[in-house]
Amino acid sequence: MSTLKKYDIYKDYDQKRDSDPFVPKAWLSNPYSLLDSMGLGFRDNPTQVSYDTLRLMAERDSIVSVVIGTICNMVQNFAHRPKNKYDIGFRVKHKYIDPKDYDDKIRRKIRKTEEWFENCGQDQNPKRPNLYKFIKQIVSDRLTYDQICIELVRRRDGKIHSLWHVPAYTCRIAYPEKDAAEDRGTPPSVVRLSREMQYVQILKNSIISQWKEADFIWDVANPRNTLYGFGYGYSELERLIVTVTSHLWAEEWNRKNFSQGSSLKGVFNFKGPVSKEKLEDFRRQWMLQCAGVSNAHRQMFVNSDGLDFVPMAPPMSEMGFADWIKYLIQIICASYNIAPEVCGFDISTGVYGGGTVVNLNEAKLEQSKDKFLRPLLYQLENIFNSNKIMGTLAPEYTFEFYGIDQQSEEKDIELRIKELQSFKTLNEVRQQEGLAPLDNGDVPLNPTYTGYLAQKKMAEQAEESAKLLQEQQGMAPEGGEEESDSVDEGNESMQESVFEKSLGLLKSGSTEEVLRKSMDELSSLWKERELLIKSDKVDII
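Residues numbered from 1 in each chain as written. Predicted model: local features only at pLDDT ≥ 70, side-chain atom pairs only at ≥ 80, totals over all residues. Heavy atoms only, no water.

Draft legend 1. Region of interest: the overall build of the chain. Each helix and strand counted, the chain has 19 helices and 14 strands in total. Going through the 541 residues of the chain one by one, you find that 38% of them count as buried. For the chain, contacts bridging at least 24 residues in sequence account for 67% of all contacts bridging at least 6. Just so you have it, the chain exposes about 32,700 Å², and 52% of that area is on carbon and sulfur atoms. (Helix = DSSP H or I, 4+ residues; strand = E, 2+ residues; numbered from the N terminus. Buried < 20%, exposed > 50% of the residue type's maximum accessible area, 1.4 Å probe, protein only. Contact = heavy atoms within 4.5 Å. Areas by Shrake-Rupley, 256 points an atom, 1.4 Å probe, with all protein chains shown as cover.)

What follows is the structure, given as structure tokens:
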């Protein structure tokens, strides 16, 4: 009865088209904030740093620009279809069918969908960036503003036609149309998301474009957990505002040492009586020759006995400056979860720039991948696999980046060899590589195991030979004891001969060669034994 009542309530809400029974009561944003009362039609980012300041920080600070550029380049390497299984890139695959069971229809759909992503649309529009440029644009916005904004252009039938990047610093979240504070504080219902404008684009605090939820993608990586977040993210650059400012000051201080004539910080003290005219002449001459621009490093002159210089601050050493710059580099790189060596900053030797990812320690590179590259690729995968893109483009398929965990061809071969020598058979490995099975290939190429099989096979052959000789002995009418003794001695001699030869092969040759030669030796001895028995010559030579 309660289930039917809940269903009736849901139908009542659906008929009213103004509410949703599955919306929480909790307030996720503050409807009484000052930004809401300004009447601009949108909720601005509740940060003390403007979008223009974040953009200038990313462009003009040398360390931040190198870090952002390095991450963008690493993600861009995945913006193509892989050429082979050892290459990196992106691919589209079926959600429920194994790739081995694909038919021609599925392969055509996958190829068509991958071409759509490469062009970021249904057609090849030269004015629209392809996936390579598109990924760099959205990743740059993500690392600068922690905000990804994408416009979805749809066809008349509602299916998606193309993707367009929208500059993140121009996009804002629209102000709710409801007047009640309760409705502005709680999250919007599905009905309101499909009916009201959710996102706007502004220029000089004026709205120039607006979108509904189905036509726009807004995504952040570090959501704020306060009532004043309004759906905006917390950028890494916003956390680094003090560190970046310190780096700019350090660079300016170092630059001033080369542009200004005097870097002395102290007081000139004249010992003995000096006239005011001579003191002013010395001051004027010193300022003309040594003082820098903007009154930098101006000196204080005191009239006393003699002339000496009294330092007022300890000199700044080159080592101290290098350590300070190294500390700032570590803080900035740690905020982006990337190792300084990946960006070309070798802080262990003090050499900055010129480093390559190839020369890095593999452990550091793998750790950096897990910290910054993998989460960033997962975020992009979630965007492309959302109901707004893949849900309308190809619902039964999924988009994924391929090759982040892929080993090189050399390492893959080494792994296959280790598997062959431990627990996998030769045909199992060949099946993984798409090759046809081999005869007698259902065995692991382990020397110990294959040696055991060879010895076991030889023992079985010797036992069968002994049984056959015993049968022949029982059928002989005369000379039974002598022939039996001869047969026993021959059997023991044959077993020792085969064992010694097989042991020598195990020590000198490969596993397959051991098996082949051992079987050939057994076959030849067996034939020789049969011929001797048929000719009544049972003595073993």
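Draft legend 2. Local environment of a nonpolar patch on the surface. On the surface, W27, Y32, L227 and Y228 cluster together to form a nonpolar patch covering roughly 450 Å² of accessible area. Mapped onto the secondary structure, W27 falls in the loop between α1 (2–16) and α2 (34–37). Judged by its relative accessible area of 34%, W27 is partly exposed. (Patch = residues over 30% accessible without salt bridge, like charges linked within 9 Å, V, L, I, M, F, W, Y side chains within 5 Å. Salt bridge = Lys/Arg side-chain N within 4 Å of Asp/Glu carboxyl O.)

Draft legend 3. Quick look at the state of the cysteines. Counted under the stated rule, the structure contains zero disulfides. With no disulfide of its own, C171 lies 3.8 Å from the sulfur of C149, the closest cysteine sulfur. Unpaired in terms of disulfides, C333 finds its nearest cysteine sulfur in C343, a separation of 4.7 Å. (Disulfide = S-S within 2.5 Å.)

Draft legend 4. Main features of the confidence of the model for the chain. Here the chain averages 77 in pLDDT, while 68% of its residues score no lower than 70. Here residues 1–18 scores under 50 on pLDDT; set against residues more than four positions off or in separate chains, the count is nine contacts. (pLDDT = per-residue confidence, 0-100.)

Draft legend 5. Examining the pattern of salt bridges more closely. Using the criterion set out here, one finds 18 salt bridges in the structure. A salt bridge links R55 to E59; the shortest N-O distance between them is 3.9 Å. With R55 and E59 both in helix α3 (residues 51–60) and four residues apart, this pair spans about one turn of that helix. A relative accessible area of 27% means that R55 is categorised as partly exposed. Taking the shortest distance from any N to any O, the salt bridge between R224 and E238 comes out at 2.9 Å. Of this pair, R224 sits in the loop between β8 (216–219) and α9 (236–239) while E238 is found in helix α9, placing the two residues 14 residues apart along the sequence. Shared partners join several salt bridges into a network, and the residues in it are D52, R55 and E59.

Draft legend 6. Up close: α3. Those residues of α3 not exposed but buried are Y51, L54, M57 and A58. Burial along α3 is one-sided: seen end-on, the buried residues are contained in an arc of 125°. The outward face of α3, more than 90 degrees from its buried face, is lined by the exposed residues E59 and R60. (Arc of directions from axis to C-beta.)

Draft legend 7. Summary view of the sheet that holds strand β6 (residues 199–203). The sheet built from four strands is open, its strands ordered β1-β5-β6-β7 with antiparallel pairing. Edge positions in the sheet fall to β1 (42–43) and β7 (206–211), since each of these pairs with one other strand and no more. As paired strands, β1 and strand β5 (residues 171–174) are joined by two bridges and run antiparallel to one another. Bridging across to β5, F42 finds its partner in A174. (Pairing = 2+ DSSP bridges.)

Draft legend 8. Summary view of the sheet that holds strand β3 (residues 148–154). Here we have three strands laid out as an open sheet, ordered β4-β3-β8, and antiparallel in their pairing. Of all strands in the sheet, those bounded by a partner on one side alone are β4 (160–165) and β8. Put simply, the sheet's adjacent strands are angled 25° from each other on average, direction ignored. Relative to β8, β3 runs antiparallel, the two sharing four bridges. For C149, the partnering residue across the bridge sits in β8 and is W218. In this fold helix α6 (residues 131–145) packs onto β3 and β4, with an angle of close to 50° to the strand it touches most, β4. (Axes fitted to C-alpha atoms, helices over the stretch in contact; angles between N-to-C directions.)

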